[in-house]
Amino acid sequence: MDTRLEMALASPGLHAIWVHRVSHSLWTRPGGHLAARLLSQISRSVTGVEIHPGAQIGRRFFIDHGMGVVIGETAEVGDDVLLFHGVTLGGRSMKRVKRHPTVGNNVTIGAGARVLGAVYIGDGVQIGANSVVVKDIPAGAVATGVPATIRFPNKGQDPYEAMFNDPAIWI
């Protein structure tokens, strides 16, 4: 059974988040960009998780099995968000505009999923493993597939359980 001490010592996702909090603080200070970028690159090499220091991350954010997670500069992530390994919150442009996703609160994004561009992911959304999201997803929806299709859980059905209705999420 995992203990808090074990999590604190051996969770690369947690370490990446802690370092991001520091690098983001540096990023927001005048003249702090270089130090923030260097710190984020050290974290990337140690944890396998790449979070740009400009990304805005909410409270109680967690990366489970963090290897390969990438979060871009203009990404905004709400509270109580869970990402699994290999998730990308990436851009589709190199223009100096908002080009990464905005993720609401209470969102779960499955392993290997790609959320690309300045899309909005509503509160309570569940995105299945290996899905590719390039359009906004409304609150409470379940998105699975390539490209992701959106559906809503049946009345009273847990959104997490609704993800299992589509076997393609496991391919």
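Every chain's residues receive numbers from 1 upward, in the order its sequence appears when written. Local features in this predicted model are restricted to residues of pLDDT 70 or higher, and side-chain atom pairs are both shown and tallied only at a pLDDT of 80 or more, whereas totals for entire chains, interfaces and linings draw on every residue. Only hydrogens and water are removed before side-chain values are computed, so all heavy atoms of the structure are retained for them.

> I'm lost on empty space enclosed by the protein in this one. Help?
If you roll a probe as big as a water molecule over the atoms, it shows you where there is empty space left. A cavity here means a set of points on a 1 Å grid, drawn over the protein atoms and nothing else, where a 1.4 Å probe fits but cannot get out; a pocket is an open set with protein on both sides within 12 Å along at least five of seven lines, and a residue lines either one if it has an atom within 4 Å of a point. Grid points are joined across faces, edges and corners, and a volume is the space filled by probe spheres set on the points. Inspection of every chain in the model, using the stated rule, returns 1 cavity of 30 Å³ or more. The volume enclosed by the largest cavity comes to roughly 50 Å³. Taken together, Ala16, Val19, His20, Ser23, Ser40, Ser43, Arg44, Val49, Glu50 and Ile51 form the lining of the largest cavity. Listing elements by their share of the lining of the largest cavity, those giving two or more residues are helix H2 (12-27), helix H3 (33-47) and strand S1 (50-51). Helix and strand definitions follow DSSP, with helices as H or I runs of at least four residues and strands as E runs of at least two, each counted in order from the N terminus. Counting residues per element, the lining of the largest cavity draws most heavily on H2, which supplies 4 residues. Residue classes follow a fixed rule: Ala, Val, Leu, Ile, Met, Phe, Trp, Tyr, Cys and Pro count as nonpolar, while Asp, Glu, Lys and Arg count as charged, and any other residue, Gly among them, counts as polar. Residue classes in the lining of the largest cavity are distributed as 4 nonpolar, 4 polar and 2 charged.

> I keep staring at the nonpolar core and nothing clicks. Help me out?
Among soluble globular proteins, nonpolar side chains are generally buried collectively. Ranked by size, the top nonpolar core spans 29 residues in total, and within it Phe61, Ile71, Leu83, Leu89, Ile109, Ile121 and Ile127 carry the most contacts. Note on definitions: a residue-residue contact is assigned when non-hydrogen atoms from the two residues lie within 4.5 Å. Apart from residues no more than four positions distant in its own chain, leucine 89 is found in contact with Val70, Ile71, Gly72, Val77, Leu83, His100, Pro101, Val103, Ile109 and Val115. Put simply, buried Ala, Val, Leu, Ile, Met, Phe, Trp, Tyr and Cys residues joined by side-chain atoms within 4.5 Å make one nonpolar core. Burial classes follow relative accessibility: with a 1.4 Å probe on protein chains only, a residue under 20% of its type's maximum area counts as buried, one over 50% as exposed, and anything between as partly exposed.

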